[in-house]
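Per-entry structural report
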There are 2 protein chains.
Amino acid sequence: MQAHVTKKTLSEGLGILERIIPSRSSNPLLTALKVEANERGLLLSGTNLELDLSCVVPAEIQNPASFVVPAHLFAQIVRNLGGELVELELSGSELSVRASGSEFKLQTGDLAAYPELEFPSHADATLSASELARSLSSVRYAASNEAFQAVFRGIKVEQNGQTARVVASDGFRLALREFSAVGEARNLIIPARSADELVRVLRDGEVRLTYGEGILGIQTDRVRMNAKLLDGDFPDYERVIPRDIKLTVTLSAAALKEAVSRVAVLADKNANNRVEFQVSEGKLRLAAEGDYGRGQDTLEVQQEGTEPAMSLGFNAKYVLDALGPIEGDAEMRFSGPTSPAIFKASGDGGYLAVVVPLRV
Amino acid sequence: MQAHVTKKTLSEGLGILERIIPSRSSNPLLTALKVEANERGLLLSGTNLELDLSCVVPAEIQNPASFVVPAHLFAQIVRNLGGELVELELSGSELSVRASGSEFKLQTGDLAAYPELEFPSHADATLSASELARSLSSVRYAASNEAFQAVFRGIKVEQNGQTARVVASDGFRLALREFSAVGEARNLIIPARSADELVRVLRDGEVRLTYGEGILGIQTDRVRMNAKLLDGDFPDYERVIPRDIKLTVTLSAAALKEAVSRVAVLADKNANNRVEFQVSEGKLRLAAEGDYGRGQDTLEVQQEGTEPAMSLGFNAKYVLDALGPIEGDAEMRFSGPTSPAIFKASGDGGYLAVVVPLRV
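Remember, predicted model here, so these are calculated numbers, not experimental data. (Residues numbered from 1 in each chain as written. Chains lettered and ligands numbered in written order. Predicted model: local features only at pLDDT ≥ 70, side-chain atom pairs only at ≥ 80, totals over all residues. Heavy atoms only, no water.)

Quick look at the interface of chain B and chain A
- Each side of the interface is counted separately: chain B has 27 residues, and chain A has 27 residues.
- Together chain B and chain A conceal approximately 2300 Å² of surface at their shared face, both sides included; 57% is due to carbon and sulfur atoms.
- The tally of links between chain B and chain A comes to 2 salt bridges.
- A salt bridge links B:R294 to A:E94; the nearest nitrogen and oxygen atoms lie 3.3 Å apart.
- Looking at the side of chain B that touches chain A, the elements that each hand over two or more residues are α2 (71–80), β9 (102–107), α5 (253–264) and β22 (293–300) of chain B.
- Its residues assigned to classes, the side of chain B that touches chain A comprises 10 nonpolar, 11 polar and 6 charged. (Contact = heavy atoms within 4.5 Å. Buried area = accessible area lost by both parts, 1.4 Å probe. Salt bridge = Lys/Arg side-chain N within 4 Å of Asp/Glu carboxyl O. Helix = DSSP H or I, 4+ residues; strand = E, 2+ residues; numbered from the N terminus. Nonpolar A, V, L, I, M, F, W, Y, C, P; charged D, E, K, R; others polar.)

A word on the layout of surface pockets
- Taken as a whole, the largest pocket encloses approximately 720 Å³ of empty space.
- Lining the largest pocket we find 29 residues, and of these A:D291, A:Y292, B:S23, B:P70 and B:L73 sit closest to its centre.
- Elements with a minimum of two residues in the lining of the largest pocket: α5 (253–264) of chain A together with β6 (66–70) and α2 of chain B.
- Top contributing element to the lining of the largest pocket by residue count: α2(B), with 4 residues.
- Taken as a whole, the second largest pocket spans an internal volume of roughly 630 Å³.
- Along its surface, the second largest pocket is lined by 27 residues, and A:S23, A:P70, A:L73, B:D291 and B:Y292 are the ones closest to its centre.
- Of all elements in the fold, only β6 (66–70) and α2 (71–80) of chain A reach the threshold of two or more residues within the lining of the second largest pocket. (1 Å grid on protein atoms, 1.4 Å probe; cavity = no way out; pocket = protein on both sides within 12 Å on 5 of 7 lines; lining within 4 Å. Points joined across faces, edges and corners; volume = space filled by probe spheres on them.)

Here's the deal with the UniProt feature "domain: DNA polymerase III beta sliding clamp C-terminal" (unreviewed entry) in chain A
- The feature "domain: DNA polymerase III beta sliding clamp C-terminal" (unreviewed entry), as annotated in UniProt, sits at residues 239–359 of chain A in this numbering.
- The span residues 239–359 of chain A is 17% helix and 45% strand, and its two end C-alpha atoms sit 20 Å from each other. (UniProt positions renumbered as here; feature names shortened; annotations may be inferred.)

Considering the relation of the copies chain B and chain A
- By a simple turn and slide, chain B fits onto chain A: the slide is 0.0 Å along the axis, the RMSD is 0.0 Å, and the turn is 180 degrees. Such values leave the two copies arranged in the relation of a two-fold axis.
- A share of 100% of interface residues in chain B that are also interface residues in chain A marks the association as one of identical surfaces. (Least-squares fit on C-alpha atoms with pLDDT ≥ 70 in both.)

So, the sheet that holds strand β8 (residues 94–99) of chain B
- Spatially, β24(A)-β20(A)-β21(A)-β22(A)-β9(B)-β8(B)-β7(B)-β1(B)-β5(B) is the arrangement adopted by the 9 strands of the open sheet, whose pairing is antiparallel. Each edge of the open sheet is held by one strand with a lone partner, namely β24 (309–315) of chain A together with β5 (60–62) of chain B. The sheet shows a mean angle of 15 degrees between the axes of neighbouring strands, taken without regard to direction.
- The pairing of strand β7 (residues 85–91) of chain B with β8(B) spans 5 bridges and is classified as antiparallel. By the bridge assignment for β8(B), B:S91 is matched with B:E94.
- Contacts from helix α6 (residues 316–323) of chain A reach β20 (274–280) and β24 of chain A, with the element oriented near 95 degrees to β24(A).
- Each of β1 (2–6) and β7 of chain B is contacted by helix α1 (residues 7–20) of chain B, which is oriented at about 95 degrees to β1(B), the strand it contacts most. (Pairing = 2+ DSSP bridges. Axes fitted to C-alpha atoms, helices over the stretch in contact; angles between N-to-C directions.)

Observations regarding α2(A)
- Inspection of α2(A) places A:A71, A:L73, A:F74, A:A75, A:I77 and A:V78 among the buried residues, and these make up the whole buried set.
- Next to the buried residues of α2(A) lie α1 (7–20), β2 (32–38), β6, β7 (85–91), β8 (94–99) and β9 (102–107) of chain A. (Buried < 20%, exposed > 50% of the residue type's maximum accessible area, 1.4 Å probe, protein only.)

So, the sheet that holds strand β4 (residues 51–57) of chain A
Residues and elements named next belong to chain A.
- Strand order in the open sheet made by the 9 strands is β6-β2-β3-β4-β18-β17-β16-β10-β14, with antiparallel pairing throughout. Each of the sheet's edge strands pairs with one partner strand only, and the pair in question is β6 and β14 (182–183).
- Pairing of β2 with β6, which is carried by 5 bridges, proceeds in the antiparallel orientation. When the sheet's bridge partners are listed, V35 is paired in β6 with F67.
- Relative to β4, α1 is tilted by about 180 degrees, and along the sheet it contacts β2, β3 (41–47), β4 and β18 (223–228).
- Across the face of the sheet, helix α4 (residues 192–201) comes into contact with β4, β17 (215–219) and β18 while running at roughly 165 degrees to β18.

Next up, the structure:
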């Protein structure tokens, strides 16, 4: 096998794979990358057992062949090469990597022992890649990284005819985004960590989804992925979204984020970073108190609803997370001082967060 | 006490102090900052017991007074404030911090218990601040962060009539830079970590040094510092600098850095990151070998000297560190395959590094 490839395209492809492939593993084969040289170029693939990924790097190939190399080492060598063109040559079990004045010889691994990675080629649903990426990253924060219950470490994807919805919750708060997408009805839960990788890989254009048994296939023009799905029932989150809104407050999301961050400096870390929200007479007063003193901030707001005033305590971090994806004006919808509150973009926008106030 | 000050200047001053003052300490007073409001403005000062630092922040003051506040908390509050102007007001033991819609009330600490920090006002030597900063940062890498012998964790400063010299060594390698500076002859050793802070604070203009008992006073227009000096005898480093040069090799420092980094990817981390340097016939061949394969790189060089060829093994990291401060062409002066080698900028420049080759 001989391949000629530009350093830039090969580096980019290896960069995508490098994020998935573990740099250490009790099974050293999993730290390797499989390279299949064929008429289309170099097909690079790898897995972390949760997520399989493959991508094509255009290259000029002679004598097609496949091999397995240590992924991170190979990527590091290619990244450091001088010049623009890289030459790869496989002779026996040795891979030569050449560019300008450099030559590297790498031992290849056991191709036969490398796990078989298969990627579906048909599509059950077609979505806008940027919409899916944006939606997954808007709700990602609400998924837990360490919750014991697997579903809290995942993001639920619901496809319903004309719309799709992604939902995440760690049991204490919830984030949801809805967007237009056509496809057959389906509910599944992707591990949040796999969603992170998906977001990094998705760009413009379309993404095609394939629903398998416990597996979601994802294809874009550049890459193919298989994400292992999470088992279990996602909680009935609709029940948590309050319907009986007593007070709605509208103000600039940026101003609110700044004021909450400011006051939260004094909030007690051992008391859930508690910040008081007091609404009355067109003003929102934020206050926090801790070991070293107290801080407060007053913001002008637009208020509406049956209740003329309300006081609620929130974990500052949860409020900042909930406001994260909101640009322009934010709307806070309060159903009572100890009932769940909604944070959303003013107007519509598809994104909505639910945060439960702290008890007194 | 009442003070009006711009958020920008106060933040900058606090930022300098924050780097010195520990965020945690068995003596909580050390995590505090002393503020003296006087006719010149706010004099902020703090210490980590190795280094005392004070800086003046211009401000409009009424009813001068002094107080002590938690340094990092105060800095964080000021950084997060909205608007451009900050108002400080001390009433009793409570400091109010006000800006646009915000108000913070902080408990101040025990002023009487705060250590007395005194800064000298006369100067024993005057140096260019940028030259001193550049020189200290050029040699910093060669000082150790954890060596048992204190002098190896320091940077020696030698003042000799018309020139000053800074030298650092961890016992395995040495770095030195000489520059013009007028002052009385003096030798002292600054802790490398204090030198790091000094480098961050030094800008343009002049720096005035005051030689105290076990203490170096440092004054610029913005700040005053006292650095506790290290005791002990710095090794006789002149002995290590080879005089009998058998082969001199000149090439682009950047090209050499890149080639060493490239080849070093394959070097064995458990064998000192060994990279072979083979010089002959106007070429430098770099080679490394590890568990996964081997790499080599060939560079055109200019060579001179009594020996037509030489092979040496170096720790790649030490070579990269030594080349770090060199721009343009680098000169490597070899005295033998197992004798110390010099790395310096071609021509002069005042900087010089000594690296000992690895044994075969």
